[in-house]
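Reading the structure
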Amino acid sequence: MGSFARLTYHIVFATKYRRRTIKDDVQERLYEYVGGTLRGKKGHLIEIGGIEDHVHILASLSPTVAVADVIRDVKASSSKWMSEERHLNAFEWQKGYGAFTVSYDRVEAICNYIRNQKEHHRTKSFQEEYIDFLERHGIEFRLEYLFEDEHNG
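Residues numbered from 1 in each chain as written. Predicted model: local features only at pLDDT ≥ 70, side-chain atom pairs only at ≥ 80, totals over all residues. Heavy atoms only, no water.

1. Observations concerning the overall build of the protein
Within the protein one finds six helices and four strands. Helices (α) and strands (β) of the protein occur, in sequence order from the N terminus, as β-α-β-β-α-β-α-α-α-α. A compact globule built from 153 residues should have a C-alpha radius of gyration of about 15 Å, and the protein, at 15 Å, falls within 12% of that. With respect to the principal axes defined by its C-alpha atoms, the protein has extents near 55 × 35 × 30 Å. A total of 153 residues make up the protein; the buried ones form 46% of that total. Here the analysis covers contacts within the protein between residues at least 6 apart in sequence; of these, 70% occur between residues at least 24 apart. Total accessible area on the protein stands at roughly 9,000 Å², and carbon and sulfur atoms take up 48% of it. For the protein, the centre of its 22 positive side-chain charges and the centre of its 24 negative side-chain charges are spaced 3 Å apart. (Helix = DSSP H or I, 4+ residues; strand = E, 2+ residues; numbered from the N terminus. Rg over C-alpha atoms; globule rule 2.2 N^0.38 Å. Buried < 20%, exposed > 50% of the residue type's maximum accessible area, 1.4 Å probe, protein only. Contact = heavy atoms within 4.5 Å. Areas by Shrake-Rupley, 256 points an atom, 1.4 Å probe, with all protein chains shown as cover. Lys, Arg positive; Asp, Glu negative; His and termini not counted. Charge placed at Lys NZ, Arg CZ, Asp CG, Glu CD.)

In structure tokens form, the structure reads like this:
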């Protein structure tokens, strides 16, 4: 018998201090770059989206590569790309991320959620959304340490 795995993750992370630096004119190219980085890590981008201050990634990842390593490399390489290719010298991702496993039968629903980020964030901030994710997944956190801001960086 062979070994089989389908490891799908919904990954979320924000720009440093949640600065609104991912403008419409760069989003598509940034998302393509992230997809290429994932492929280089034996992963597969299923869906990607977000708004100016954060990104949602739905991806299948290889069981042979640690999730933390993939996310570290995606953040580092895309941050460098944004700085060099798009001349956004101050571009950085915030420390940390959320990574949530997704059952195969929920993939389409998560894709739809990611595709509708602009609409979703007309009524809910990134902070509210992120706290909701953590609570729904039973992850304990302390609010005062959850988000970096320019005063407690």
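2. Some thoughts on the pattern of salt bridges
Going through the model one piece at a time under the given rule, you end up with 12 salt bridges. For the salt bridge of Lys124 with Asp132, the shortest nitrogen-to-oxygen distance reads 3.6 Å. For Lys124, a relative accessible area of 25% translates into the label partly exposed. Put simply, Asp132 and Arg136 hold a salt bridge, and the shortest N to O gap is 3.2 Å. Of this pair, Asp132 and Arg136 both sit in helix 5 (residues 126–136), four residues apart, roughly one helical turn. Residue Asp132 is classed as partly exposed on the basis of its relative accessible area, which comes to 26%. We classify Arg136 as exposed; its relative accessible area is 52%. The network of salt bridges with shared partners includes Lys41, Asp69, Arg72 and Asp73. (Salt bridge = Lys/Arg side-chain N within 4 Å of Asp/Glu carboxyl O.)

3. Observations regarding empty space enclosed by the protein
Scanning the entire structure with this criterion turns up one cavity of 30 Å³ or more. Approximately 30 Å³ is the volume attributed to the largest cavity. Forming the walls of the largest cavity are Thr15, Lys16, Arg19, Thr21, Ala90, Phe91 and Glu92. Its residues placed into classes, the lining of the largest cavity shows two nonpolar, two polar and three charged. (1 Å grid on protein atoms, 1.4 Å probe; cavity = no way out; pocket = protein on both sides within 12 Å on 5 of 7 lines; lining within 4 Å. Points joined across faces, edges and corners; volume = space filled by probe spheres on them. Nonpolar A, V, L, I, M, F, W, Y, C, P; charged D, E, K, R; others polar.)

4. Brief notes about the layout of surface pockets
Each pocket or cavity is described by its volume, and for the second largest pocket that value is around 170 Å³. As for the second largest pocket, its lining consists of His10, Phe100, Thr101, Val102, Ser103, Arg106, Ile110, Tyr113, Phe133, Arg136 and His137. Mapped onto the lining of the second largest pocket, the elements with two or more residues apiece are strand 4 (98–101), helix 3 (107–115) and helix 5. Split into classes, the residues belonging to the lining of the second largest pocket amount to five nonpolar, four polar and two charged.

5. Notes on the pairing of strand 4
Here strand 4 shows a buried face lined by Gly98 and Phe100 and an unburied face lined by Ala99 and Thr101. Where strand 1 (residues 7–14) and strand 4 come together, four bridges link them in antiparallel fashion. Along strand 4, the bridge assignment pairs Tyr9 with Thr101. (Pairing = 2+ DSSP bridges.)

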